[in-house]
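# Structural characterization, general
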Amino acid sequence: MTSRALPALAAAVLALALSACAPVAPNADPGPASPTPSAATCTADSGVTVIVDGGGLSGADEVALDTCVATDEPIAATDALAAAGVELEGTTEYGDAIVCRVDGQPSADEPVGSTEDPDYVESCESMPAGFAYWGLWVRPSADGEWGFAQEGIETLQLAPGESLELLFSLDGEPAAPTS
């Protein structure tokens, strides 16, 4: 070995020795796991089922969703929807307390397709029209019956095993979830 290589080798050995003496960083606590959507069906203790049904909207296929958001503890409806990748838009007057659009539907540029008012375009300024709106439905278990949510999207909490459905009703159809 040459005399020039010895200092480089000594520095490398010293760096290796010093790194071995360095304190080990504790494992970082990642905190509570974020709920994640899954194609699997939720069970009573595995998560919350999130369903989006655009009903008779022309863009219904673009928003269709049926997924399980894994969680073993109660979760806010807005968090379950966010974990499922659902984007909500509220209204100018009522903010996020009223669901006006789900993943951009109904369109802000085209009529919703109502026979009651063929020219109606949802502006999201105030309450949606009574003939074209997103309904919020909850089912307590897989074999339970759907019921219209008794509170708004901002305060609704869901327990594992429950299901949440955003259903767009156009001219009174569908009147309730079918699944």
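Calculation criteria
- Residues numbered from 1 in each chain as written.
- Predicted model: local features only at pLDDT ≥ 70, side-chain atom pairs only at ≥ 80, totals over all residues.
- Heavy atoms only, no water.
- Helix = DSSP H or I, 4+ residues; strand = E, 2+ residues; numbered from the N terminus.
- Buried < 20%, exposed > 50% of the residue type's maximum accessible area, 1.4 Å probe, protein only.
- Lys, Arg positive; Asp, Glu negative; His and termini not counted.
- Salt bridge = Lys/Arg side-chain N within 4 Å of Asp/Glu carboxyl O.
- Contact = heavy atoms within 4.5 Å.
- Disulfide = S-S within 2.5 Å.

Next up on the list: the side chain of Glu162. Note that Glu162 resides in the loop between β9 (157-158) and β10 (163-170). For the buried Glu162, which has no salt bridge, the nearest side chain bearing the opposite charge is Arg139, at an N-O separation of 9.8 Å. Ignoring sequence-local partners within four residues, the contact set of Glu162 consists of Gly47, Val48, Thr49, Val138, Arg139, Pro140 and Gln157.

Let's shift gears to the state of the cysteines. This model, assessed by the stated rule, comprises two disulfides. With a sulfur-sulfur separation of 1.9 Å, Cys42 is cross-linked through a disulfide to Cys68. Looking down the S-S bond of the Cys42 and Cys68 bridge, the torsion is 105°, so its handedness is right-handed. Here Cys68 lies in strand β3 (residues 65-70) and Cys42 lies in the loop between β1 (37-38) and β2 (47-53), a separation of 26 residues in the sequence. Two residues share a disulfide in this structure: Cys100 and Cys124, whose sulfurs sit 1.8 Å from each other. In this structure, the disulfide formed by Cys100 and Cys124 twists by about -90° around the S-S bond and is classed as left-handed. Placement of the pair is Cys100 in the loop between β5 (88-89) and β6 (101-102) and Cys124 in the loop between β6 and β7 (132-139), with a sequence separation of 24 residues. Each member of the pair Cys100 and Cys124 is classed as buried. Look at the chain and number its bonded cysteines as they come in the sequence; the links are 1-2, 3-4.

Quick look at the side chain of Thr71 now. Locating Thr71 in the fold gives a position in the loop between β3 and β4 (75-76). When residues no more than four places from it in sequence are discounted, the contact partners of Thr71 are Asp45, Ser46, Gly47, Val48 and Pro160.

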